[in-house]
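The primary structure of each chain is shown beneath.
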Amino acid sequence: MRIWKRAAGVLKDNYSILVAKFSPHGHPDLERVVIKATSHNEQCMDYKSIQRVFQWLRSSPLYLKPLLYTLSTRMEKTHSWVVAIKGLMLIHGVFCFDLPTVQMLRRLPFDMTHFSDGHLNPEKAWGYNAFIRAYYSYLDLKSSYVCAQAARKRKPGKKTEETLAEELQNLEKLQGLIDAILHVKPRNPSMHVVLVLEAMDCVIDEVLEVYDSYCKGMERVILKIFDMGGTVEAGTALRIIEKGEMQGDKLALYFEFCREIGVLNVSDSPKILRVAEKDVKELKGIIDGVNEKKKKDKNMDEEDEDDDVVKKMNEEMAIVVRENDFLMKKTVITDQWEVFDDDVAFDQMSSAVVVAAAATNNYNPFLELDSSYNSIVPYNPHQHHVLPDLISF
């Protein structure tokens, strides 16, 4: 059965090469090399064909577009885990070229998020399917990351040195890449074959590169925060450090697993970054110091507010006292009569009232009772009278 499967794969590859040779458009030579590099032979990769593809890319970036077209067409049609893994390894190698056209890809030109092998038993195929989907997801995320970094550098008027906020954001993206790449591993013992182990060599190289960038960026950011002392940046850095500690433990287990299954590049496993405890305490001190200052300022504001209330109450009381003093000065209270300082004005007002009452033949509103309380005597404003004690106002 295994021999017939290999023979069928060889026939498929030869047929695809024949079709590419007589294709009326495109680059027949490039297409044939891509087909050989992604053949159905699960024993090994055709590194000679891969090197030829890379030589074309080095000679001219114009080969990138036909290369991606040919590879995308082949990847979208295949249901073989062998072809899928080889295609991912090929596009992974393309990312190693520092070419503007490669950096502008943004996303992979094909989609393998739902890849499913059509030749293996489902109980055996699920491990290969999961490996290919995880490998594709990481490369797609890496392509987006590379494109964003290149776009930031090409932005007009952009400074070459990153700001502290940009560096923190970049560290979070690198941690996202590490999370994605840790899912790329064979989950079935039957997958410990040559081709999968070769793909894992490429993955380990990627882990070493990404984690090295993370470690260098983390050390640089900590020094910047100590110089600037920003509480927001310090809080973000603490979250990144906490996640980095957990990722470091996962990376140690990941490399131990790869070492057990026979991946060759694990001998170059990175030294896990452990941020010094004194640096962590200093970051916490920056946050606590700012919080204490805010708390102190708040208490001072509350005390100032209380002082303002007391001051306002004192002012209002002073106004009331002044008004009372003013009234006491203007009016003198006796036992029988209220005597006003301005007697002249009062007499003039009283005369006017009497004249008006006489003109209208009405009784005078200012009336006075005689000593017998039986007769009413008109009030004479020019003659002072003392009202009896029985009359009160």
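Residue positions within a chain follow its written sequence, with the count starting from 1. Predicted model: local features are reported for residues with pLDDT of at least 70 only, side-chain atom pairs are reported and counted for 80 or more only, and whole-chain, interface and lining totals are derived from all residues. As a rule here, side-chain values come from all non-hydrogen atoms in the structure, and water together with hydrogens is ignored.

1. Notes on the overall build of the protein chain
Here is step 1 of the chain: The way it works is that DSSP assigns letters per residue, a run of H or I at least four long becomes a helix, a run of E at least two long becomes a strand, and they are numbered from the N terminus. Scanning the protein chain for helices and strands turns up 12 helices and four strands.
Here is step 2 of the chain: A burial count over the protein chain gives 38% of its 393 residues as buried.
Here is step 3 of the chain: Taking contacts inside the protein chain between residues at least 6 apart in sequence as the whole, the part at least 24 apart equals 74%. Each residue's exposure class comes from its accessible area (1.4 Å probe, protein chains only) as a fraction of the maximum for that residue type: buried when under 20%, exposed when over 50%, partly exposed otherwise. The contact criterion used is simple: two residues touch if any of their non-hydrogen atoms lie within 4.5 Å.

2. Brief notes about the packing of helix H8 (residues 164–181) against helix H9 (residues 194–228)
Here is step 1 of the chain: In this analysis an axis means a line fitted to C-alpha atoms, helices contributing only their contacting stretch, and an angle means the value between N-to-C directions, from 0 to 180 degrees. Between H8 and H9, the least distance of the axes is 9 Å, while the angle of their chain directions is 155 degrees. The orientation of H8 with respect to H9, classified from their angle, is roughly antiparallel. The element H8 and its partner H9 pack so that their crossing is left-handed.
Here is step 2 of the chain: Think of it as three bins: nonpolar holds Ala, Val, Leu, Ile, Met, Phe, Trp, Tyr, Cys and Pro, charged holds Asp, Glu, Lys and Arg, and polar takes everything else, Gly as well. Looking at the contact of H8 with H9 residue by residue, the class counts come to 16 nonpolar, three polar and four charged. We call two directions roughly parallel when the angle between them is under 35 degrees, roughly antiparallel when it is over 145, roughly perpendicular when it lies between 65 and 115, and oblique otherwise. In this scheme the handedness of a crossing depends on how the near helix is turned from the far one: anticlockwise by less than a right angle means left-handed, clockwise means right-handed.

3. Regarding the packing of aromatic side chains
Here is step 1 of the chain: Ring pairs shown here join Phe, Tyr and Trp side chains whose ring centres sit within 6.5 Å, with only the six-membered ring taken for Trp; geometry is labelled stacked below 30 degrees between planes, edge-to-face above 60, and tilted in between. On inspection of all chains with the given rule, the structure shows seven aromatic pairs.
Here is step 2 of the chain: Ring centres 5.1 Å apart and planes at 65 degrees place the aromatic pair Phe54 and Phe97 in the edge-to-face group. Linking Phe54 in helix H3 (residues 47–59) with Phe97 in the loop between helix H5 (81–94) and helix H6 (100–103), this pair joins segments that are 43 residues apart in sequence.
Here is step 3 of the chain: Since its relative accessible area comes to 10%, Phe54 is described here as buried.
Here is step 4 of the chain: Among the residues examined, Phe97 registers a relative accessible area of 14% and is labelled buried.
Here is step 5 of the chain: In this structure, Lys185 is placed above the aromatic ring of Phe257, and the distance from its NZ or CZ to the ring centre is 5.6 Å. By the criterion adopted, a ring carries a charge over it if an Arg CZ or a Lys NZ lies within 6 Å of its centre and within 35 degrees of its normal.

4. Brief notes about the packing of H5 against helix H7 (residues 122–154)
Here is step 1 of the chain: H7 packs onto H5 with a crossing angle of 20 degrees between their chain directions and a minimal axis gap of 10 Å. For the element pair H5 / H7, the angle class is roughly parallel. For H5 against H7, the interelement crossing comes out left-handed. Facing Trp81, Ala84, Ile85, Leu88, Met89, Ile91 and His92 of H5, the residues of H7 in contact are Tyr128, Phe131, Ile132, Tyr135, Tyr136 and Leu139.

5. Focus: the nonpolar core
One broad rule of soluble globular proteins: the nonpolar side chains tend to lie buried together.
Here is step 1 of the chain: The biggest cluster of nonpolar side chains holds 91 residues, and the ones touching the most others in it are Trp81 and Tyr214.
Here is step 2 of the chain: For Trp81, the residues in contact, after removing those within four places along its chain, are Glu42, Phe115, Asp117, Leu120, Tyr128, Ile132, Val193, Leu195 and Val196. Here the nonpolar core consists of buried residues drawn from Ala, Val, Leu, Ile, Met, Phe, Trp, Tyr and Cys, with membership extended through side-chain atoms lying within 4.5 Å.

6. Quick look at the side chain of Asp201
Here is step 1 of the chain: Tracing the backbone shows Asp201 in helix H9.
Here is step 2 of the chain: Asp201 has contacts with Val263, Leu264 and Asn265, leaving out every residue within four places of it along the chain.

7. Observations regarding the side chain of Ser39
Here is step 1 of the chain: Tracing the backbone shows Ser39 in the loop between helix H2 (28–37) and H3.
Here is step 2 of the chain: Residues contacting Ser39, with those up to four places away along its chain left out, are Asp13, Arg74, Val82, Val83 and Lys86.

8. Observations concerning the confidence of the model for the protein chain
Here is step 1 of the chain: The pLDDT value expresses, per residue, how confident the predictor is, ranging between 0 and 100. For the protein chain, per-residue confidence averages 77 on the pLDDT scale, and residues scoring 70 or more make up 69% of the total.
Here is step 2 of the chain: This model gives residues 291–299 a pLDDT under 50, and the stretch forms zero contacts once residues within four places in sequence are excluded.
Here is step 3 of the chain: Low confidence marks residues 330–379, where pLDDT is under 50. Its contacts with residues over four positions away, or in another chain, come to 38 contacts.

9. As for the environment of Gln149
Here is step 1 of the chain: Mapping Gln149 onto the fold places it in helix H7.
Here is step 2 of the chain: What makes Gln149 buried here is its relative accessible area of 17%.
Here is step 3 of the chain: For the pair Gln149 and Asn170, spaced 21 residues apart in sequence, the C-alpha to C-alpha distance is 8.9 Å.
Here is step 4 of the chain: Beyond its immediate chain neighbours, meaning those up to four positions away, Gln149 contacts Glu162 and Asn170.

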